[in-house]
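Analysis of the macromolecular model
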Amino acid sequence: MSEEQREEIDILESIYPDEIEIHSETSYSINLSLDTVPTRLLVVHVQYPRDYPEVVPILDIAVGDHEQDSDEEEEQRAVEQPQFTYDFTSSDVAELKASAKETAEENLGMPSVFAIVSLIKDAAEQMYEDRIKDMELARMKELEIAEEKEQAKFRGTPVTAESFAAWRTKFRAEMGWDQKKERPNGRLSGKEIFERGVEEEADEEEDED
Amino acid sequence: MVNITEKIEQIQQELARTQKNKATEYHIGLLKGKLARYRQQLLEPGPGGSSSAGQGFEVAKSGHARVALIGFPSVGKSSLLSKVTKTKSEVAQYAFTTLTSVPGVLEYEGAEIQVLDLPGIIQGASEGKGRGRQVVSTARTADLILMVLDATKPDSQRAILERELEAVGIRLNKERPNVTFKLKQTGGIKVTFAQPPQKLDEKMIASILRDYRIMNADVLVRDPEVTVEDFIDVINEQHRSYIPCLYCYNKIDAVSLEETDRLARQPHSTVVSVSESLGLQDLIERIWEDLKLVRVYTKPKGSKPDLEEPVILRLKRSTVEDFCNTIHRDFKDKFKFAMVWGTSVKHSPQKCGLGHAIEDEDVVSLFTRG
């Protein structure tokens, strides 16, 4: 372990006294609490290769459980209940990792973990804000569309006695409601038989008597 | 008495939180069975309670069929009633007008159809609130439910009313599930499926029956599509009513013709504007059709039939025997045969017995002994 590596860990320990967890001489993780509502946690794992800082550190980012200091969180929630909350997905984490790696490469040759961690925190907070904004926008759009749909029924051809009558004629024809009086085989109902005077008398009554 | 309303709420909450999957299927089925039982208790007058509670509202059945109007306040039920029936019910242009049930009579094709405006909506009835219980028992006696809806309001209004009716055991435009259920004294539970069931199994049936404390019964499921809900309906048979429903969208003058067209195309729906008198004739025709009444014209021997005043029968009870019974209870004892003209026979006239099913607009001559 190089002097530079030890020195950086010392510095980080003083910057992140509560957040850092030392795993070994060359590896540690930093628990980042993001300034979001509700608080989201990210865990940044750092491992120094032998030649760091001449090579980039091995970085990993994980989404932490947000169980910590729940009291405080509850309080915060009571104060301001956000309409939307967002949980980082694996693709979000991958995106953060990519930008972290970029920063690491830019800082090749000097200790860069603080810069990287700060960048991750800022980028993640920005990302959270953006995602929430997207959700809000999507919701607004949804509401607009629903409202639009609801309003649409009041626009168009007005219903008047004339327009209704025209529609009704067309509609009834389409449904075939005016033809249903016609029965298969041209059979007539009993009423129609007598109305048209085409009935045969019940001459059987004499037979039976 | 333990508060049933609370129990119902608990079950509903549990149903809402329980995820639907294979593992919870039986549990959900059981919960639904319990829910149906508690809802039933709620609708029954409590022991020792005022047993006459149901009577106060009841309106004597008159005419050939009964239509019950159901809808939210201010959708125009009362105005509709006064437009299509003879009896003028008091209509005021403000909300919550109808407090008692006012029957009107709709005369059509020689039939008298009683049309009942039920007070307000039955919302809350499924929780046993207010007079909901009486309203429900009246709605049950209807041959047709006419659900009056506001064309300017979102579709959700209809779903709310349907849910309420569903909760009190009224099934709209639905046939009774094809399941035979027989209580037995001994022999345990015997379940037979005529075809492999799609949505039920023996274990589910047995566990629901156990919850109802039914130990001995024969169950024959003929329709493979029968669901848990259907089966629960079958157990609660005497508290279920399968009633046709016509959805009547009022106030179409306030929406576009395009929307009117859309609404008219919904199943079992018709569109009207009570205030502008649009579509009322079509509505009456649809009511008539949905009631499935049969007009029978009597023809005295050797003379012309009376085509003005038909005898009205129900389609489900329209045999020559039913026709005889409308004349006199003892008439069928003297019955010899009937001559029938119309669509129910191959050749008009045709000689028919008591069991012959009469169709609409048939002309019938009855011949008696002696």
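Not measured: the values here are computed from a predicted model.

Turning our attention to helix H3 (residues 90–106) of chain A. All names here are of chain A. Between the first and last C-alpha of H3 there are 24 Å, a value that for 17 residues agrees with the 24 Å anticipated at 1.5 Å per step. All of the buried residues along H3 are Asp92, Val93, Leu96, Ala100, Thr103 and Ala104. One side of H3 carries all its buried residues, which in axial view fall inside an arc of 115°. Away from its buried face, by an angle of more than 90 degrees, H3 presents the exposed residues Ser90 and Glu106.

Residue and element names in this part refer to chain A. Across chain A, the average pLDDT comes to 84, with 84% of residues at 70 or higher. Looking at the elements of chain A, mean pLDDT is at its lowest for helix H7 (residues 204–208), recorded as 47, and at its highest for helix H5 (residues 161–175), recorded as 93. Contacts from residues 205–209, a stretch scored under 50 in pLDDT, to residues over four places away or in other chains number six contacts.

Attention now goes to a negative patch on the surface. All names here are of chain A. On the surface, a cluster of negative charge is contributed by Glu4, Glu7, Asp10, Glu13, Asp51 and Glu54. Considering the arrangement of structural elements, one finds glutamate 4 in helix H1 (residues 3–15). Note on glutamate 4: relative accessible area 36%, which makes it partly exposed.

So, on to the interface of chain B and chain A. Every contact between the two is made by 46 residues of chain B and, on the other side, 38 residues of chain A. At the junction of chain B and chain A, the tally comes to five salt bridges. With its nearest N and O atoms 2.8 Å apart, the salt bridge here joins B:Arg265 to A:Glu174. Inspection of the chain B/chain A interface yields 17 residue pairs in polar contact (both at pLDDT 80 or more). Mapped onto the side of chain B that touches chain A, the elements with two or more residues apiece are helix H8 (257–264), helix H9 (280–291), strand E12 (293–298), strand E14 (335–341) and strand E16 (362–368) of chain B. Considering each element in turn, the side of chain B that touches chain A owes the most residues, six residues, to H8(B).

Our focus in this paragraph is the sheet that holds strand E3 (residues 41–47) of chain A. Residues and elements named next belong to chain A. Spatial strand order, E1-E2-E3-E4: four strands in an open sheet with antiparallel pairing. With partners counted over all chains shown, the strands left at the sheet margins are strand E1 (20–24) and strand E4 (58–64), one partner each. The sheet shows a mean angle of 20° between the axes of neighbouring strands, direction not considered. Looking at chain direction, E1 and strand E2 (residues 27–33) are connected through four bridges and run antiparallel. Its bridge partner being in E2, isoleucine 20 is matched across the sheet by isoleucine 30.

Under the criterion given, the structure shown has twelve aromatic pairs over all chains. A centroid spacing of 4.4 Å and a plane angle of 10° characterise the contact between A:Tyr48 and A:Tyr52, whose relative ring orientation is stacked. Exposure remark for A:Tyr48: the relative accessible area of 4% places this residue in the buried category. Feature note: the residues A:Tyr28, A:Tyr48 and A:Tyr52 constitute an aromatic cluster, connected by ring pairs. Over the ring of B:Tyr38 we find B:Arg37, and its NZ or CZ is 5.8 Å from the ring centre. Over the face of the ring belonging to B:Phe337 we find B:Lys351, whose NZ or CZ atom lies 5.0 Å from the ring centre.

Turning to the domain arrangement of chain B, a few remarks are in order. Residues and elements named next belong to chain B. By the assigned domains, chain B splits into domain 1 (4–45 + 175–239), domain 2 (65–89 + 99–173 + 244–290) and domain 3 (293–368). Interface area, domain 2 with domain 3, both sides summed: about 560 Å², of which 55% is carbon and sulfur. Inspection of the region where domain 2 meets domain 3 yields two salt bridges. Here arginine 314 makes a salt bridge to aspartate 143, at a shortest N to O gap of 3.1 Å.

The rules we used
Every chain's residues receive numbers from 1 upward, in the order its sequence appears when written. Note on labels: chains are lettered from A, ligands numbered from 1, in written order. In view of the model being predicted, local features appear only for residues whose pLDDT reaches at least 70, and side-chain atom pairs are presented and counted only at 80 or more, with totals across whole chains, interfaces and linings using the full set of residues. Hydrogens and water are ignored here; the side-chain numbers use all heavy atoms of the structure. What counts as a helix is a DSSP run of H or I of at least four residues, what counts as a strand is a run of E of at least two, and both are numbered from the N terminus. By definition here, a helix of n residues has an expected span of 1.5 Å times n minus one. Note on exposure labels: buried denotes an accessible area under 20% of the residue type's maximum, exposed denotes more than 50%, and partly exposed covers the range between, all computed with a 1.4 Å probe on protein chains only. Relevant arc is that of directions from the helix axis to the C-beta atoms, nothing else. Confidence of the predictor in every single residue is expressed as pLDDT, which spans 0 to 100. Residues are treated as being in contact if the distance between any of their heavy atoms lies within 4.5 Å. Patch definition: residues above 30% relative accessible area lacking any salt bridge, with like charges linked at up to 9 Å and the nonpolar side chains Val, Leu, Ile, Met, Phe, Trp and Tyr linked at up to 5 Å. In these tables, accessible area is a Shrake-Rupley quantity obtained with a 1.4 Å probe, and a residue counts as shielded only by the protein chains included in the view. Each salt bridge in this description consists of a side-chain nitrogen of Lys or Arg and a carboxyl oxygen of Asp or Glu lying within 4 Å of one another. Charge convention: Lys and Arg are scored as positive, Asp and Glu as negative, and His as well as the terminal groups of each chain are ignored. The atom standing in for a charge is NZ when the residue is Lys, CZ when it is Arg, CG when it is Asp and CD when it is Glu. Pairs of N or O atoms are called polar contacts if they sit within 3.5 Å, as long as, within protein, a hydrogen donor faces a hydrogen acceptor (for residues adjacent in sequence, only side-chain-to-side-chain pairs). One requirement defines pairing of two strands: DSSP has to find at least two bridges between them. Angular values range over 0 to 180 degrees, each being the angle between N-to-C directions of two axes fitted as lines to C-alpha atoms, with helices fitted over their stretch in contact. Ring geometry is summarised as follows: Phe, Tyr and Trp rings, the Trp one being its six-membered ring, pair when their centres sit within 6.5 Å, and such pairs are stacked at plane angles under 30 degrees, edge-to-face over 60 and tilted between the two. We call a charge positioned above a ring when the Lys NZ or Arg CZ atom is no farther than 6 Å from the ring centre and deviates by at most 35 degrees from the ring normal. Each domain's limits were defined by an automated method or a database of domain assignments. Note on definitions: buried area is the accessible-area loss of two parts on being combined, 1.4 Å probe, summed for both.

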